[in-house]
Structures are given as C-alpha cells and as structure tokens.
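Close look at the chain arrangement
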Amino acid sequence: MKQFKMTVLDWSVLALVIVGAINWGLVGVGYFVDSAANWNLVNIALGSIPELEFLVYALVGLAGIYGVYFATRISGVRIDETDEMTERVTPK
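Right, let's walk through the structure included here. Bear in mind that the values here come from a model prediction, so they are computed numbers and not experimental data. (Residues numbered from 1 in each chain as written. Predicted model: local features only at pLDDT ≥ 70, side-chain atom pairs only at ≥ 80, totals over all residues. Heavy atoms only, no water.)

1. Looking at the overall build of the protein
- Across its full length, the protein holds four helices and zero strands.
- Moving toward the C terminus, one meets the helices and strands of the protein in the order α-α-α-α.
- When each of the 92 residues of the protein is scored for burial, the buried share is 12%.
- For the protein, the accessible surface area stands at approximately 7,300 Å², while carbon and sulfur atoms represent 69% of it. (Helix = DSSP H or I, 4+ residues; strand = E, 2+ residues; numbered from the N terminus. Buried < 20%, exposed > 50% of the residue type's maximum accessible area, 1.4 Å probe, protein only. Areas by Shrake-Rupley, 256 points an atom, 1.4 Å probe, with all protein chains shown as cover.)

Here it is in structure tokens:
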C-alpha cells in the first residue's frame with residue numbers, strides 16, 4: 001500500500017484553491033444578486049494595493065496548476081480495507 005502524506009506546500013495550495021473557489025463563487029453569485037455589487041473579497045481586502053491583489057490572483061492560479069499535479073499524486077493512492085470491514089463483508 002502506498003503511503004500518502006501531505007506536505008506544507010500541499011496544505012498551502014489546498015487553502016489557496018479553496019479561497020480562490022469561494023471568491024469566484026461569490027463573484028458569480030454577486031453578479032446575479034446585484035450586477036453592480038463587488039463581492040470579490042480579494043479586491044475588497046487588497047484593492048487599495050493593486051500589486052498585492054494581483055499577486056494573490058497569480059498565486060491562486062499557480063495553486064490551481066499545482067492542484068493538477070496534486071490530484072495525480074492522490075489518484076495513485078489505494079486505500080485497503082481493514083480486517084474488521086472484510087470480516088463484515090465476507091459471509092461465514
């Protein structure tokens with residue numbers, strides 16, 4: 001059985017992908033609620049510092065690319081059933 005351990009980089013990337021997904025979800029929902037509203041949390045929090053705002057967008061994009069590699073790592077992991085689960089499934 002392959003062991004799979006997430007690194008600090010993996011957790012950081014996962015956090016960035018989640019933040020990016022929530023932010024884009026809010027942008028999309030915000031458009032349908034009020035097309036003039038700005039529900040972009042990154043823009044709201046960092047809009048006064050455009051360089052930092054776009055750095056966050058770039059990091060989220062890079063995290064998405066790394067996420068493809070991360071998914072291929074996860075897909076190679078097989079989870080074996082425990083003996084207890086096998087006993088319940090196997091008829092006696």
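2. Considerations on the side chain of Asp-10
- Within the fold, Asp-10 resides in helix α1 (residues 8–33).
- Using a relative accessible area of 1% as the deciding quantity, one classes Asp-10 as buried.
- Reaching out from Asp-10, the side chain makes a polar contact with the side chain of Tyr-66 at a distance of 2.7 Å.
- In this structure the side chain of Asp-10 is engaged in a polar contact, spanning 3.0 Å, whose partner is the side chain of Arg-73.
- Residues contacting Asp-10, with those up to four places away along its chain left out, are Lys-5, Tyr-66, Phe-70 and Arg-73. (Polar contact = N/O pair within 3.5 Å; in protein donor to acceptor, adjacent residues only side chain to side chain. Contact = heavy atoms within 4.5 Å.)

3. Describing the packing of α1 against helix α3 (residues 50–75)
- Interaxial distance between α1 and α3 falls to 8 Å at its minimum, and their mutual angle equals 120°. Accordingly, the angle class assigned to the pair α1 and α3 is oblique. Taken as a pair, α1 and α3 cross one another with a handedness that is left-handed. Residues Leu-9, Asp-10, Val-13, Leu-16, Val-17, Gly-20 and Asn-23 of α1 pack against Tyr-57, Leu-59, Val-60, Ala-63, Gly-64, Tyr-66, Gly-67, Phe-70 and Arg-73 of α3.
- The residue inventory of the contact of α1 with α3, partitioned by class, reads ten nonpolar, four polar and two charged. (Axes fitted to C-alpha atoms, helices over the stretch in contact; angles between N-to-C directions. Parallel < 35°, antiparallel > 145°, perpendicular 65-115°, else oblique. Left-handed = near helix turned anticlockwise from the far one by under 90°. Nonpolar A, V, L, I, M, F, W, Y, C, P; charged D, E, K, R; others polar.)

4. Things to note about the pattern of salt bridges
- With the rule as written, the count across this model stands at one salt bridge.
- The partner of Arg-73 in a salt bridge is Asp-10, with the nearest N and O atoms 3.0 Å apart. One end of the pair, Arg-73, is in helix α3; the other, Asp-10, is in helix α1, and 63 residues separate them in sequence. (Salt bridge = Lys/Arg side-chain N within 4 Å of Asp/Glu carboxyl O.)

5. A word on the packing of aromatic side chains
- Enumeration according to the criterion identifies four aromatic pairs in this entry.
- Aromatic pair Tyr-31 and Phe-32: ring centres 5.5 Å apart, planes at 80°, arrangement edge-to-face.
- Tyr-31 gets classed as exposed once you look at its relative accessible area, which sits at 52%.
- When the centroid spacing of 5.5 Å and the interplanar angle of 70° are considered together, the rings of Phe-54 and Tyr-57 count as edge-to-face. You can see Phe-54 and its partner Tyr-57 sitting in helix α3, three residues apart, about one turn around the helix.
- Classification of Phe-54 by relative accessible area gives exposed; the value is 51%. (Phe/Tyr/Trp six-rings, centres within 6.5 Å; stacked < 30°, edge-to-face > 60°.)

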